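Coordinate inspection notes
Next come the chains, spelled out residue by residue.
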Amino acid sequence: MKLGCLQKDLEKGISVIKAAIATKSIVEATHCVLLSAKNSQLKLTATNFMLTISYVLPAKIDEEGECVVSGAIFENLVSSFSKDRIDLNLGKRLSVKCSKHSTNIPIINVSDFPQQPTEEYKVITIESNKILTAIKQVEFACQVHTNNPILGGMCIDISHDNITFVAADTVR
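A short tour of the structure in this document, coming up. Note that the structure is predicted; figures quoted are calculated from it, not measured.

It is worth spelling out helix α2 (residues 71–80) at this point. Considered for burial, the residues of α2 that qualify are G71, F74, L77 and V78. Looking down the long axis of α2, one finds its buried residues gathered within 140° of arc, a one-sided arrangement. Relative to its buried face, α2 has exposed residues pointing more than 90 degrees away, namely N76 and S80. Where α2 is buried, its residues contact α1 (7–17), β2 (32–38), β6 (65–70), β7 (85–90), β8 (94–98) and β9 (101–105).

To continue, consider the sheet that holds strand β4 (residues 52–58). The five strands are arranged β4-β3-β2-β6-β10 in an open sheet whose pairing can be described as antiparallel. Strand pairing shows two members of the sheet lacking a second neighbour, β4 and β10 (107–108), which therefore form its edges. Here α1 sits on the sheet and contacts β2, β3 (41–47) and β4; the angle it forms with β4, its principal contact strand, is near 170°. Against the sheet, α2 makes contact with β2 and β6, and its axis sits at roughly 95° relative to β6, the strand it touches most.

On to the nonpolar core, then. By size, the foremost hydrophobic cluster in this structure holds 31 residues, and its most contacted members are L10, L35, L42, F74 and L94. Leaving out residues up to four positions away in the same chain, L35 has contacts with M1, L42, K43, L44, G65, E66, C67, V69, F74, L88 and L94. Of all hydrophobic cores here, the second largest spans six residues; its members include A29, V68, I108 and F113.

Within β8, four of the five residues are buried, which leaves the element mostly enclosed by the surrounding structure. Alignment of β7 against β8, held across five bridges, turns out to be antiparallel. Across the sheet, L88 pairs through a bridge with V96, a residue of β8. Where β7 hands over to β8, the hairpin turn is made up of three residues, counted between the paired strands. Where β8 lies against β9, five bridges are found, and the strand directions are antiparallel. Considered in β9, the bridge of V96 is made with T103.

So, how was this worked out
Per chain, residues are indexed from 1 in the order of the written sequence. Totals for whole chains, interfaces and linings use every residue, but because this is a predicted model, local features are given only for residues with pLDDT of at least 70 and side-chain atom pairs only at 80 or more, for both listing and counting. The side-chain values count all of the structure's non-hydrogen atoms but skip hydrogen atoms and water molecules. Only protein chains enter the accessibility calculation, which uses a 1.4 Å probe. A residue is then buried if its area is under 20% of the maximum for its type, exposed if over 50%, and partly exposed in between. Segments assigned H or I by DSSP are reported as helices when at least four residues long, segments assigned E as strands when at least two residues long, and all are numbered from the N terminus. As used here, the arc belongs to the directions running from the helix axis to the C-beta atoms. Residues count as neighbours in contact if any of their non-hydrogen atoms are within 4.5 Å of one another. At least two bridges found by DSSP between two strands is the condition for calling them paired. Between the N-to-C directions of two axes lies an angle of 0 to 180 degrees, each axis being a line fitted to C-alpha atoms and, for a helix, fitted only over the stretch in contact. Nine residue types can take part in a nonpolar core, namely buried Ala, Val, Leu, Ile, Met, Phe, Trp, Tyr and Cys, and a core is a set of them joined through side-chain atoms within 4.5 Å.

Interpretation note: all reported values are geometric properties and have no functional meaning in isolation.
And the structure:
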């Protein structure tokens, strides 16, 4: 894998997927980011088994390939670089270069990264203000400090032409 992309694009991609990077897990791969270079695009993927997020950004691909790197190390490294082009080159480690700075970060085996579902999903588009309104109507029922994680979350059911937001606490 050998590619170049803009630092701001890479930084934005990491900020989008970092919600799916596990912080407390015994599975090393859930702390990592899968980098896939193909067809003039770099795809970043992170998963914690409950949530998988991918982000695609434009890149100049010289050699296609993929690797898995620590999410925390990669995020800190990319955010510390100036807003220039970043070059990634995969060898026994991932070589990351930007301007006058360069470093090599360790990689883990791609086969250790959890497999992603290959099913096709229907994409829906919703105005952000409508989602925010729906969340605000039920968020009061979410308990922040609880030993039962179900009571601290929200169920979003998408079926046919309806989206239902549900939250519950020990009272409602």
